[in-house]
Amino acid sequence: MPEQRPKPVQEDPQAAARVAALLASPAYREADSDFDFLASDDARGPRLELDYLKAELLLRAHGVTDAIVVFGSTRIVEPKAAQARLDAARAAAAAAPDDAQAARRVAVAERIADKARFYDIAREFGRIVGASGQLPDGRRLAVVTGGGPGIMEAANRGAYDVGAETAGFNITLPHEQFPNPYLTPELCFRFHYFAMRKLHFVLRARALVAFPGGFGTLDELFETLTLAQTRVMKPLPIILVGEAYWRRVFDPDFLVEEGVIAPEDRDLFWYAETAREIWEGILRWRQKAGDPLL
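Residues numbered from 1 in each chain as written. Predicted model: local features only at pLDDT ≥ 70, side-chain atom pairs only at ≥ 80, totals over all residues. Heavy atoms only, no water.

Colleague: Tell me about the side chain of R204, residues and numbers included.
Modeller: Within the secondary structure, R204 is located in the loop between α8 (194-203) and β5 (205-210). Polar side-chain contacts of R204 include one of 3.0 Å to the side chain of E56. Apart from residues lying up to four places away in sequence, R204 is in contact with E56, L59, R60, V64, T65, D66 and A67. (Helix = DSSP H or I, 4+ residues; strand = E, 2+ residues; numbered from the N terminus. Polar contact = N/O pair within 3.5 Å; in protein donor to acceptor, adjacent residues only side chain to side chain. Contact = heavy atoms within 4.5 Å.)

Colleague: Tell me about the layout of surface pockets, and name the residues and values.
Modeller: Empty space among the atoms can be located by rolling a probe the size of a water molecule over them. Space inside the largest pocket adds up to approximately 1,200 Å³. Along its surface, the largest pocket is lined by 38 residues, and S73, T74, R75, G213 and G214 are the ones closest to its centre. Of all the elements, helix α5 (residues 100-115) adds the most residues to the lining of the largest pocket, at 6 residues. Looking at the lining of the largest pocket, its residues break down into 15 nonpolar, 11 polar and 12 charged. By volume, the second largest pocket amounts to about 380 Å³. In terms of lining, the second largest pocket is formed by 15 residues, of which the most central are L50, D51, K54, R190 and H192. (1 Å grid on protein atoms, 1.4 Å probe; cavity = no way out; pocket = protein on both sides within 12 Å on 5 of 7 lines; lining within 4 Å. Points joined across faces, edges and corners; volume = space filled by probe spheres on them. Nonpolar A, V, L, I, M, F, W, Y, C, P; charged D, E, K, R; others polar.)

Colleague: Could you give an account of unusual backbone geometry, with specific residues and numbers?
Modeller: Non-glycine residue R231 carries a positive phi angle of around 60°. Relative to the elements of secondary structure, R231 occurs in the loop between α9 (215-229) and β6 (238-241). A residue is classified by how much of its surface remains accessible, and R231, at 53% relative accessible area, is exposed. (Buried < 20%, exposed > 50% of the residue type's maximum accessible area, 1.4 Å probe, protein only.)

Colleague: Break down the sheet that holds strand β3 (residues 167-171) for me, with residues and values.
Modeller: Two orientations exist for strands paired in a sheet by backbone hydrogen bonds: parallel and antiparallel. The strand order across the open sheet built from 7 strands is β4-β3-β2-β1-β5-β6-β7, with neighbouring strands paired in parallel fashion. Of all strands in the sheet, those with a lone pairing partner are β4 (188-191) and β7 (270-272), marking the two edges. Each strand of the sheet is rotated relative to its neighbour by a mean of 25°, with strand direction disregarded. Of the pairings in the sheet, the one linking β3 to β4 comprises 4 bridges and is parallel in character. Paired with N170 across the strands is R190, a residue of β4. (Pairing = 2+ DSSP bridges. Axes fitted to C-alpha atoms, helices over the stretch in contact; angles between N-to-C directions.)

Colleague: Account for helix α7 (residues 151-161), naming residues and giving values.
Modeller: α7 sits mainly inside the fold: 9 of its 11 residues count as buried. Tucked into the core, α7 has its buried residues touching β1 (66-71), α6 (117-131), β2 (141-145) and β3. Immediately downstream of α7, the backbone of G163 shows phi near 75°, a positive value.

Colleague: Lay out the packing of helix α4 (residues 79-95) against α5 in plain terms, naming residues and giving numbers.
Modeller: Relative orientation of the contacting elements α4 and α5 amounts to 160°, with a least axis distance of 9 Å. It follows from the interaxial angle that α4 and α5 lie roughly antiparallel. Crossing geometry of α4 relative to α5 is assigned as left-handed. Between α4, through A82, R85, L86, A89, R90 and A93, and α5, the contact on the second element is made entirely by A102, R105, V106, A109, E110, I112 and A113. Considered class by class, the residues forming the contact of α4 with α5 number 9 nonpolar, no polar and 4 charged. (Parallel < 35°, antiparallel > 145°, perpendicular 65-115°, else oblique. Left-handed = near helix turned anticlockwise from the far one by under 90°.)

Colleague: Which residues make up empty space enclosed by the protein, and what values go with them?
Modeller: In total, this model carries 2 cavities of 30 Å³ or more according to the counting rule given. Put simply, the largest cavity is a space of about 60 Å³. In terms of lining, the largest cavity is formed by V69, F71, F201, V202, A205, L208, E220, T224 and L236. Elements represented by at least two residues in the lining of the largest cavity include exactly β1, α8, β5 and α9. Partitioned by chemical class, the residues of the lining of the largest cavity number 7 nonpolar, 1 polar and 1 charged. Of the volumes computed, that of the second largest cavity is approximately 30 Å³.

Colleague: Tell me about the pairing of β3, and please be specific about residues and values.
Modeller: Of all 5 residues in β3, 5 are buried; the element is thus mostly enclosed. Here β3 shows a buried face lined by A167, F169 and I171 and a second buried face lined by G168 and N170. Where β2 lies against β3, 2 bridges are found, and the strand directions are parallel. Residue pairing for β3: T145 is matched across the bridge by G168. Read as a crossover between parallel neighbours, the route from β2 over α7 to β3 is right-handed. (Right-handed = clockwise from strand over helix to strand, strands pointing away.)

Spelled out as structure tokens, the structure:
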């Protein structure tokens with residue numbers, strides 16, 4: 001066919017070079033193969049849609065209809081690792097007794113070692129949820145985390161221990177963050193936009209369990225509390241694990257006294273200390289709400 005051959009050089013000696021330039025032009029690339037175009041500000045809308053759609057389709061394909069979302073610090077590691085880091089910090093401080101930073105690292109390592117028990121609690125909780133994965137009416141429950149290390153790893157690891165599929169919603173960050181090794185490969189996602197990641201956290205959430213953590217944990221916790229408070233989403237069980245920690249982080253009674261939240265907003269969450277206490281509290285809340293989990 002004539003259109004399958006370039007213009008002959010006999011007709012125009014410059015034609016071949018012009019056609020080659022046209023084929024190499026960014027404008028000639030198909031839109032879904034033009035990565036410069038897809039990365040442009042004007043293409044943000046389609047990127048947002050794709051960020052949502054890929055995870056949505058894969059979650060549907062694996063039948064994940066319900067999620068227990070677990071958050072917590074990436075820095076709270078399992079007890080053996082926490083003790084090893086504490087021992088190393090103490091050895092470094094002993095070798096430099098006048099180094100204030102070395103002494104501070106010991107103090108931080110001691111606090112992390114003290115909180116390492118939460119890793120075991122999160123892992124045990126992951127086992128409980130993982131063992132309850134098949135729900136009535138063909139629904140499936142999965143442990144869902146941010147996909148990283150620390151507390152998130154522990155919850156995914158618990159589900160992995162009992163052979164359950166478990167999901168992680170990783171996010172692209174300026175520094176590399178590896179997904180924890182206990183995620184189901186087909187349910188290990190990486191989002192570009194925090195907004196789409198947050199949306200997927202709440203879409204299937206039947207409960208939010210927040211272990212001690214930093215800004216990222218607080219971000220997800222307070223956003224979920226706000227959505228529940230404003231009834232943008234139906235209230236759901238929100239459990240803060242480690243009452244002593246959370247009472248230092250924020251004081252809801254003070255907020256009530258100051259009049260910036262209503263007294264009933266204080267009842268949007270409760271505290272727990274053990275994996276079994278977390279699970280039984282979720283089941284009890286769901287039963288009382290007329291929407292039993294099991």
